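A structural walkthrough
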Amino acid sequence: MYVSVKGGERAIRNAHRLLDKARRGDPGLPAISAAQIDQQLALAVDRVMTEGSLFDRELAALAIRQARGDLIEAIFLVRAYRTTLPRFGASVPVDTAAMTLRRRISATFKDLPGGQLLGPTFDYTQRLLDLDPEAPTAEGAPQTATAEEAAVPRVTDILGRDGLIEAEDGSEAPVADLTRDPLAFPAGRDLRLQSLARGDEGFLLALGYSTQRGYARTHPFAGEIRIGFVQVELYLEELGFAVVIGEIEVTEVQTVNQFKGSASAPPQFTRGYGLTFGYCERKAMSMALVDRALRWRELGEDDKGAPAQDEEFVLSHADNVQATGFVEHLKLPHYVDFQSELELVRKLRREQEERRASLEAAE
Amino acid sequence: MTVASEERKWAMGVLACAEPEALSALWEDWPGKPAFTWLRKPESGLVMVRGRMGGEGAAFNLGEMTVTRCALQLDDGTLGQACVQGRSAAKAEVSALVDALHQRSGDREAVRREILLPLEEARAAARQALAAETAATRVEFFTMVRGDSE
């Protein structure tokens, strides 16, 4: 039991003043603006939006600044802020096939309709730290080339045409929402994907990695990674039709995995899915690996007892705001709890001492 | 969907995706701002963005986005409304006003010409620039045979 304490107001107030000073750093240096964070630390903003589960670049940038760059603290701030706003509804599901692409690659097909577009990637850089104080400097302005006009089909759509990959069931069913209902098990894939989408990148990275190392291995290929902008539509009751309410950047990853077949069904590939806000490639890849591992039951695979297959373990520990809340609460005053435990230990020691004394007296 | 609805849907989409600064600059230049009354003052809130499993399957909740909505009425009774990305009350207000004007036959053409088409063109140009830069990163991978094939 946690027994609360009171007092300490002045010390707390002074600590927060000190925090303000520490946050600002050397006052001789210019203060950093939210717009600068948005533009120049864009991937931190993307992560905070994804795990904060709120697409708003300015809010995420403000949160990063307030949190002194502690991204989990920033995610916490964003999550807390969102609870102050009413929800107007749920969007029409975004159409990732209609994405305005910024990056699109496939590790499964060398030549594919629409081509391989590297975009602004760290891939193939040499990871040499640039020590130039003005660095990293561009190697010149970006080049341009003529873009293809045609729509770029998803790789899974190409495989799906020949029935080589499992078809997704597009039936419209009520969508689970873990911001409204507590997690319950077994969890449907909709609930799992929502939990993974807002889950901690590091946790999912480690779990995804574990599947590659043999803990519920599913033989994945990066079927397609696509990053770009999609429009969001909302159905407006008053008008009787859906309208575009804005445009967001998303990262989509589809893995093509180990096939299955049976006496009646021909062998076909299976799939894992990752979707995040912004440019979060590592997170979306990890999400797709874990999504696929969690699907063992519906695909009739064996439970190998691997952590990534255990949905209760994965979903209960993926949320870094929950996790940090429980881990960090340990530092709050537990004086009363500890006093009672201290009493208990003293009593046990006393009793043991008395037993030994009486045994010695008997001998 | 009627032609009028199609046009309204298009206009509202253009307004929602517009840069707030670009929209307010065009609105600044609009002569004779109409009088109106609020039916619903600008209110910021959230819309849960959904995705589909595998891009094409059943829906799931990805996360929320901020939006601001409002509804108003011009003096002749024309209704205008907006639900636009972000937390800008000003952008929602101008979007609803433009939506209302766009429904009035006397103003429709001018609204298209002076506000909606310039916004759409600006957005198309930005998309075009992005596509051209991205196209320059198109890669051709070649597979190489390793070892002696003899």
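Residues numbered from 1 in each chain as written. Chains lettered and ligands numbered in written order. Predicted model: local features only at pLDDT ≥ 70, side-chain atom pairs only at ≥ 80, totals over all residues. Heavy atoms only, no water.

1. Topic: unusual backbone geometry
All names here are of chain A. To be explicit about the condition: Where helices and strands are cited, they refer to DSSP runs of H or I of at least four residues and of E of at least two residues respectively, numbered from the N terminus. The buried label applies to any residue whose accessible area, calculated with a 1.4 Å probe on protein chains only, is under 20% of its type's maximum; exposed applies above 50%, and partly exposed to all values in between.
A cis amide bond links F185 with the next residue in sequence, P186, at an omega value of 0°. Relative to the assigned elements, P186 resides in the loop between α6 (155–161) and α7 (189–198). Within the chain, Y124 stands out as a residue other than glycine whose phi angle is a positive 70°. For Y124, the location among the structural elements is in the loop between β4 (116–117) and α6. By relative accessible area, Y124 is classed as exposed at 61%. Phi at A216 is positive, roughly 70°, even though this residue is not glycine. Considering the arrangement of structural elements, one finds A216 in the loop between α8 (201–212) and β5 (221–236). Owing to a relative accessible area of 5%, A216 belongs among the buried residues under this scheme.

2. Considerations on the nonpolar core
Stated precisely, the cut-off is as follows: We define a nonpolar core as any set of buried Ala, Val, Leu, Ile, Met, Phe, Trp, Tyr and Cys residues linked to one another through side-chain atoms lying within 4.5 Å. Segment limits for the domains were obtained from an automatic or database-derived domain assignment. In this analysis, two residues are considered to be in contact whenever any of their non-hydrogen atoms come within 4.5 Å of each other.
By size, the foremost hydrophobic cluster in this structure holds 67 residues, and its most contacted members are A:I245, A:I248 and B:M65. Built from parts of two domains, this core gets at least three residues from each of domain 1 (9–82) and domain 2 (96–120 + 148–324) of chain A. Not counting residues up to four positions away in its chain, the partners in contact with A:I248 are A:F55, A:G228, A:F229, A:V230, A:V232, A:F277, B:V49, B:M65 and B:Q85. Among the nonpolar cores identified, the runner-up in size contains 24 residues, and B:A16, B:W27, B:A92 and B:V98 belong to it.

3. Details of the pairing of strand β6 (residues 241–260) of chain A
Residues and elements named next belong to chain A. Stated precisely, the cut-off is as follows: Should DSSP find at least two bridges between two strands, the strands are taken to pair.
Burial analysis of β6 places 17 of its 20 residues in the buried class, the great majority of the element. Adjacent in sequence and paired antiparallel, β5 and β6 are bridged by four residues, among which G240 carries a positive phi angle near 85°. Relative to strand β7 (residues 268–277), β6 is paired through nine bridges, and the arrangement is antiparallel. Bridging from a neighbouring strand, K260 pairs with Q268 of β7.

4. Points about the interface of chain B and chain A
To be explicit about the condition: We define buried area as the total accessible area lost by two parts upon association, computed with a 1.4 Å probe and summed across both. In the sections that follow, a salt bridge refers to a side-chain nitrogen of Lys or Arg positioned within 4 Å of a carboxyl oxygen of Asp or Glu.
Counting residues at the interface gives 56 residues for chain B and 79 residues for chain A. Interface area, chain B with chain A, both sides summed: about 6000 Å², of which 59% is carbon and sulfur. Counting the surface chain B buries against chain A, the share from its top three residues, B:R50, B:L62 and B:E64, is 11%. We note a salt bridge from A:E247 to B:R127, for which the minimum N-O separation is 2.7 Å.

5. Thoughts on the side chain of A:E166
Quick reminder of the rule: Here a polar contact is taken to be a pair of N or O atoms separated by no more than 3.5 Å, where protein atoms must pair a possible hydrogen donor with a possible acceptor and residues adjacent in sequence count only if both atoms sit in side chains.
Of note, A:E166 is situated in the loop between α6 and α7. From its side chain, A:E166 meets the backbone nitrogen of A:R271 in a polar contact 2.9 Å long.

6. Some details on the packing of aromatic side chains
In this description, an aromatic ring pair is defined by two values, namely the gap between the centres and the angle between the planes. For the record, the criterion: For Phe, Tyr and Trp, rings pair up if their centres lie within 6.5 Å, where Trp contributes its six-membered ring, and each pair is then called stacked (planes under 30 degrees apart), edge-to-face (over 60) or tilted (otherwise). The criterion is that NZ of a Lys, or CZ of an Arg, lies within 6 Å of the ring centre and within 35 degrees of the ring normal, and then a charge sits over that ring.
Enumeration according to the criterion identifies five aromatic pairs over all chains in this entry. Pairing A:F203 with A:F313 gives two aromatic rings, centres 6.4 Å apart and planes at 50°, and the pair type is tilted. With A:F203 in helix α8 and A:F313 in helix α10 (residues 311–317), the pair connects residues that are 110 residues apart, well separated along the chain. Residue classification places A:F313 among the partly exposed positions, given a relative accessible area of 36%. Each ring, one from B:W27 and one from B:W30, has its centre 6.4 Å from the other, and the planes form 5°; the classification is stacked. We classify B:W27 as buried; its relative accessible area is 9%. The ring of A:F88 is capped by B:R69, whose NZ or CZ atom sits 3.6 Å from the centre of that ring. The ring centre of A:F229 lies 4.5 Å from the NZ or CZ of B:R127, which sits over that ring.

7. Let's talk about a nonpolar patch on the surface
Heads up, the rule is: In this scheme, patches are assembled from residues that exceed 30% relative accessible area and form no salt bridge. Like charges are connected within 9 Å, while nonpolar side chains (Val, Leu, Ile, Met, Phe, Trp, Tyr) are connected within 5 Å. To measure how exposed things are, a 1.4 Å probe is used in the Shrake-Rupley method; for residues, cover is taken only from the protein chains shown.
A surface patch of nonpolar side chains, amounting to about 300 Å² of accessible area, comprises A:V5, A:Y335 and A:V336. Inspection of the secondary structure puts A:V336 in helix α12 (residues 335–362).

8. Considering the domain arrangement of chain A
Residues and elements named next belong to chain A. The cut-off we apply is this: Under the convention adopted here, Pro, Cys and the residues Ala, Val, Leu, Ile, Met, Phe, Trp and Tyr are nonpolar, Asp, Glu, Lys and Arg are charged, and Gly plus all remaining residues are polar.
Each assigned domain of chain A is listed here: domain 1 (9–82) and domain 2 (96–120 + 148–324). Here the C-alpha centre of domain 2 lies 29 Å away from the C-alpha centre of domain 1. Residue-level contacts link 15 residues of domain 1 with 19 residues of domain 2. Among the ionic pairs, R47 bridges to D200, the shortest N-O distance being 3.1 Å. The interface formed by domain 1 and domain 2 contains seven residue pairs in polar contact (both at pLDDT 80 or more). Looking at the side of domain 1 that touches domain 2, the elements that each hand over two or more residues are α3 (42–52), β1 (54–55) and α5 (71–82). Ranked by the residues each element gives to the side of domain 1 that touches domain 2, the list is headed by α3, at six residues. Here the residues of the side of domain 1 that touches domain 2 are counted per class, giving seven nonpolar, two polar and six charged.

9. Re the environment of A:G8
All names here are of chain A. Mapped onto the fold, G8 is located in the segment before α1 (9–24). The exposure class assigned to G8 is partly exposed, which follows from its relative accessible area of 40%. When the C-alpha atoms of G8 and D132 are compared, they prove to be 47 Å apart, with 124 residues separating the residues in sequence.

10. Some words on a negative patch on the surface
This is how it is decided: Under the counting rule used here, the positive set is Lys and Arg, the negative set is Asp and Glu, and His together with the chain ends is not counted. Taken as the charge location is NZ of Lys, CZ of Arg, CG of Asp or CD of Glu.
The grouping of A:D302, A:D303, A:D310 and A:E312 at the surface amounts to a negative patch. By secondary structure assignment, the location of A:D303 is in the loop between α9 (281–294) and α10.

11. As for the side chain of A:D200
Residues and elements named next belong to chain A. By secondary structure assignment, the location of D200 is in the loop between α7 and α8. The class of D200 is buried, set by a relative accessible area of 14%. Side-chain polar atoms of D200 contact the side chain of N320, separated by 2.7 Å. Setting aside anything within four residues of it in sequence, one finds D200 in contact with R47, E51, I72, A318 and N320.

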